[in-house]
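The chain contents come next:
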Amino acid sequence: MGDGPVEKPVKRICTGLLAHVDAGKTTLSEGLLYTGGALRRLGRVDHRDAFLDTADLERERGITIFSKQAILSYSRVEITLLDTPGHVDFSAEMERTLQVLDCAVLVISGADGLQGHTRTLWQLLERYQVPVFLFVNKMDLAGADREALLAQLEGELGPCVDFSGDPAAREEGIAMADEEALEQFLETGAVSQALTASLIARRRLFPCWFGSALKLEGVEDFLTGLARYAPTPKYSQEFGAKIFKISRDSQNTRLTWMKITGGTLRAKTRLSKGEGESGWSEKADQLRLYSGEKYRPLEAAEAGTVVAVTGLTHTFPGQGLGVEADWSGPVLEPVLSYQLVLPPEADPHVLLPKLRQLEEEDPLLHFVWDSRWKQLHVRLMGQVQLEVLKRRIGDRFGLEADFGAGNIIYKETIASAVEGVGHFEPLRHYAEVHLLLEPGERGSGLQVGSACPTDQLEINWQRLIFTHLLERSHPGVLTGSPLTDVKITLAAGRAHVKHTEGGDFRQATYRAVRQGLMQAETILLEPHYDFLLEVPPECVGRAMTDIQAMGGTVEGPESLGSLSLLTGHAPVAGLRDYFSQVTAYTRGLGRLSCTLRGFEPCANQEEIARTIGYDPERDPDNPTGSVFCAHGGGFQVPWDQVRDYMHVDSGLRLGMEPSPEPASSPGSGGRTASRGGSLEQDKALQAIFEQTYGKVEPRSFQPQKKPARTSLSDSYTIRPQKTGPEYLLVDGYNIIFAWEELEALARQDVSAARGALEDILSNYQGFRRCVVILVFDAYKVKGNPGSVEKRNNIYIVYTKEAETADAYIEKATYDLSREHRVRVATSDGLEQMIILGHGALRVSARAFKAEVEQAQGEISCLIAAQNRRNTGLNQVRHTGTIVSPRKSGKKP
């Protein structure tokens with residue numbers, strides 16, 4: 001362990017130490033550092049001088065609370081050791097560390113074997129596909145059976161091979177783990193080091209060493225194997241980094257811990273993330289390479305190095321920099337809530353920003369100010385974390401804080417789909433939002449999407465709505481608990497061309513969520529633990545009865561030596577204090593291990609709701625109704641009347657029987673006849689209108705002395721049309737999205753589609769000699785209060801503010817049909833009925849397309865005939881011979 005010349009490492013690996021609490025993980029790290037020459041003296045946890053137990057709390061309790069880093073070099077391999085917490089209350093910090101590991105060392109107690117939290121760790125390692133090296137510790141204790149332990153590991157974890165035993169048996173075990181290894185073993189009698197390392201990297205093999213870290217038995221062999229077989233990471237040339245931890249040093253300097261995963265990071269380099277207002281750009285002032293409490297500054301950190309960076313204030317655990325994306329791994333959530341009781345002289349509003357520092361360092365902590373009761377609450381995982389938090393508040397802020405009784409954190413979801421409508425329209429403000437709320441899969445959280453076309457609501461407004469949906473936790477209406485496991489789809493919306501501001505959509509969005517929840521059937525969710533309960537056989541009946549009484553589920557007992565193992569899940573409310581009962585009725589022989597499962601439906605939902613006593617309609621911060629405007633002022637509309645006042649129809653008909661689809665006409669290619677403009681449909685539409693409003697007499701015609709029959713209805717009389725031009729009103733966007741070629745163009749460029757339709761109608765007008773009025777919604781003309789212009793002999797109308805094309809056409813048909821023959825090109829069913837009521841004629845999009853194509857064909861024939869005539873006249877001028885044009889059915 002002499003100093004010797006410093007050699008450049010052949011490879012650099014980052015490995016994490018994971019274990020069930022009290023398995024000897026920190027002791028092993030001490031042994032590895034001592035064996036590798038990084039320590040000159042062994043420390044001990046029970047002596048409170050372990051190298052990586054740097055915090056006073058850790059030394060007092062003898063457990064790891066915060067992840068630590070140490071550096072050692074061995075056999076020209078630079079190893080970064082990350083010692084992670086073993087207690088379940090701090091498992092979130094351990095899980096965040098997994099994202100930066102090249103491999104992991106799982107420490108197992110030889111006296112206890114596989115324990116509950118060890119199995120949870122294994123599942124996490126499997127989820128993130130981290131290669132694993134096993135070290136079975138405490139083999140010097142009585143009762144540690146090497147063969148039994150190896151059999152248990154192989155049975156529950158997979159191909160675990162003893163690397164510290166007989167070399168021949170080791171080679172045979174490696175060969176049995178993979179077909180390629182078996183072939184190599186049969187040919188050469190051994191498996192190469194490269195293939196063995198490859199199997200470990202692919203998690204096809206889990207090498208295992210046995211020993212005693214306290215006595216350094218097996219530690220050197222293990223360190224040799226780790227250096228030899230650890231996978232060699234491959235890094236890109238582009239800069240990338242993964243952030244896994246935020247902490248503060250003794251001077252309260254904020255440290256951002258990251259692993260460099262590509263390129264090189266140099267001191268004073270400017271780092272950035274995102275763009276615009278949500279982005280940030282800051283300078284990495286100092287790069288610190290820590291080993292225990294001490295560090296040395298670096299000018300540059302190469303790929304594979306784990307460094308703490310100062311000067312960054314916007315970073316958070318799980319964030320990716322450079323080419324790295326943000327970590328998408330699941331984040332554990334706190335399940336208990338406690339009131340934070342402060343001394344009388346402490347101002348909670350002054351203290352809360354300081355407490356946010358603790359949130360940064362431990363994202364499982366969440367401080368909440370309850371404005372209703374003027375109380376400060378903290379959400380966390382368990383009792384140990386609570387005790388640690390109390391000490392940290394005292395040490396850092398000098399406050400003797402206390403905590404009230406803990407409460408369970410509930411969540412809410414919905415049982416079926418509902419549409420929520422939110423409207424916000426005080427004077428000179430406007431926004432309306434329609435949201436489809438659907439139940440999501442358990443554990444999916446809040447998911448958002450859009451089914452709203454951009455011609456109805458511009459994409460920037462839609463993105464703003466998504467921002468407001470995701471920027472906060474939405475309270476439910478049963479207990480006020482956070483909403484989860486819901487998919488929210490933007491179905492429709494409307495903005496005002498002049499009066500809409502960003503804050504208007506925030507209000508409309510929040511109110512839409514609340515209005516939807518008021519209609520929905522709410523399901524209350526409570527947190528559940530997965531448990532492993534080991535009890536003597538005679539206590540199995542008592543244990544199963546207790547679990548079932550809690551509302552949990554339990555599987556049949558399995559034999560585990562002299563004990564029986566029960567597994568299942570149960571509410572946190574029942575299991576949080578159950579350990580003391582297990583200790584009592586098993587006389588200290590029982591063991592209970594719990595890990596957070598997630599949220600499940602609450603069995604006593606009504607009882608919990610009555611106890612909490614939440615009234616959603618008396619929550620001033622989360623209104624359920626909407627605000628509409630009339631006579632120059634806004635007025636409140638209760639949630640159950642909002643649909644009577646809303647301005648937009650999303651088209652959703654939840655809970656209603658869908659209207660039967662009309663039969664396809666022959667030759668329509670499966671499309672319904674409603675797009676064909678048939679006379680039968682006109683009859684049907686007119687019959688519907690007459691049933692509602694009474695018999696209709698078209699205003700565009702005068703009665704004749706002798707009534708004539710029409711194809712619309714045999715009971716109608718036709719009046720001669722007054723003199724004057726025919727008017728054709730065209731619903732622009734309706735036609736664009738009904739004609740396939742225009743729809744395809746609109747998907748690429750809506751403006752180009754509008755221009756193409758204008759050209760088509762200009763040619764049509766020139767041939768038919770009618771007055772063409774093309775109407776577009778004003779929403780596509782940003783900032784335009786409405787306009788009418790004549791271009792290429794057709795009138796182009798952009799409706800005024802808050803007026804749709806439908807509304808303009810309905811008013812125009814009413815006015816024009818008194819003196820003129822009016823036709824309207826649209827396939828809007830509701831608009832068609834109103835048009836008939838005004839005495840105008842409607843032409844479906846499909847029928848109008850046929851008219852346009854016919855007109856274009858006739859125009860082409862006329863042009864061809866004129867060209868032939870011109871050709872003949874030219875020949876007469878040159879030769880004096882008349883050349884007759886070919887017969888075309890038309891006079892040249």
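Residues numbered from 1 in each chain as written. Predicted model: local features only at pLDDT ≥ 70, side-chain atom pairs only at ≥ 80, totals over all residues. Heavy atoms only, no water.

Things to note about the overall build of the protein chain
Part 1 of the argument: Counting its regular elements, the protein chain contains 25 helices and 40 strands.
Part 2 of the argument: Counting the 892 residues in the protein chain, one finds 49% classified as buried.
Part 3 of the argument: Taking as baseline every contact in the protein chain between residues at least 6 positions apart, the subset at least 24 positions apart corresponds to 68%.
Part 4 of the argument: Carbon together with sulfur atoms contributes 49% to the accessible area of the protein chain, which is approximately 43000 Å² in total. (Helix = DSSP H or I, 4+ residues; strand = E, 2+ residues; numbered from the N terminus. Buried < 20%, exposed > 50% of the residue type's maximum accessible area, 1.4 Å probe, protein only. Contact = heavy atoms within 4.5 Å. Areas by Shrake-Rupley, 256 points an atom, 1.4 Å probe, with all protein chains shown as cover.)

Side note on unusual backbone geometry
Note: most residues except glycine have negative phi, and most peptide bonds are trans.
Part 1 of the argument: Positive phi, normally seen in glycine, also occurs at K268, with a value near 75°.
Part 2 of the argument: On the secondary structure map, K268 appears in the loop between β10 (264–266) and β11 (270–273).
Part 3 of the argument: Of note, R587 is a non-glycine position whose phi angle comes to about 55°, a positive value.
Part 4 of the argument: Residue classification places R587 among the exposed residues on the basis of a relative accessible area of 76%.

Concerning the sheet that holds strand β40 (residues 841–843)
Part 1 of the argument: Strand order in this open sheet of six strands is β37-β38-β36-β35-β39-β40, and the pairing throughout is mixed. The strands lining the two open edges of the sheet, one partner per strand, are β37 (787–791) and β40. Across the sheet, the mean angle from the axis of one strand to that of its neighbour is 20°, orientation sign disregarded.
Part 2 of the argument: Pairing of strand β36 (residues 771–776) with strand β38 (residues 794–798) involves four bridges; the strand directions are parallel. Following the sheet pairing, F776 is matched in β38 by Y798. (Pairing = 2+ DSSP bridges. Axes fitted to C-alpha atoms, helices over the stretch in contact; angles between N-to-C directions.)

Details of empty space enclosed by the protein
Part 1 of the argument: Throughout the structure, instances matching the rule amount to three cavities of 30 Å³ or more.
Part 2 of the argument: By volume, the largest cavity is sized at about 110 Å³.
Part 3 of the argument: Contributions of two or more residues to the lining of the largest cavity are made by α3 (91–97) and α11 (383–397).
Part 4 of the argument: It is α11 that contributes the most residues to the lining of the largest cavity, four residues altogether. (1 Å grid on protein atoms, 1.4 Å probe; cavity = no way out; pocket = protein on both sides within 12 Å on 5 of 7 lines; lining within 4 Å. Points joined across faces, edges and corners; volume = space filled by probe spheres on them.)

A short note on the layout of surface pockets
Part 1 of the argument: Space inside the second largest pocket adds up to approximately 1200 Å³.
Part 2 of the argument: Surrounding the second largest pocket, 30 residues form its lining, D370, R372, R379, T479 and G480 being those nearest its centre.
Part 3 of the argument: Its residues assigned to classes, the lining of the second largest pocket comprises eleven nonpolar, twelve polar and seven charged. (Nonpolar A, V, L, I, M, F, W, Y, C, P; charged D, E, K, R; others polar.)

Comments concerning the sheet that holds strand β5 (residues 132–137)
Part 1 of the argument: One open sheet holds the seven strands; their spatial order is β2-β3-β1-β4-β5-β7-β6, and the pairing between them is mixed. If you trace the sheet from one side to the other, it starts and ends with β2 (68–74) and β6 (160–162), each paired once. If you compare each strand with its neighbour and ignore which way they point, the axes differ by 25° on average.

Let's talk about a nonpolar patch on the surface
Part 1 of the argument: Taken together, the side chains of M176, L182 and L186 present a nonpolar region at the surface, about 340 Å² in accessible area.
Part 2 of the argument: You can see L182 is positioned in helix α7 (residues 179–188).
Part 3 of the argument: Given a relative accessible area of 32%, L182 falls into the partly exposed group. (Patch = residues over 30% accessible without salt bridge, like charges linked within 9 Å, V, L, I, M, F, W, Y side chains within 5 Å. Salt bridge = Lys/Arg side-chain N within 4 Å of Asp/Glu carboxyl O.)

Remarks on the confidence of the model for the protein chain
Part 1 of the argument: In this model, the protein chain carries a mean pLDDT of 83, and residues with pLDDT of at least 70 account for 85%.
Part 2 of the argument: Low pLDDT, under 50, characterises residues 657–679; the predicted model gives this stretch 31 contacts beyond four residues in sequence or across chains.
Part 3 of the argument: Here residues 698–722 scores under 50 on pLDDT; set against residues more than four positions off or in separate chains, the count is 53 contacts. (pLDDT = per-residue confidence, 0-100.)

Looking at the pairing of β37
Part 1 of the argument: Examined bridge by bridge, β37 and β38 share five bridges and lie antiparallel to one another. Counterpart to S787 in the pairing with β38 is Y798.
Part 2 of the argument: Counting the residues between successive antiparallel strands, the hairpin from β37 to β38 contains two residues, one of them, N792, with a positive phi of roughly 55°.

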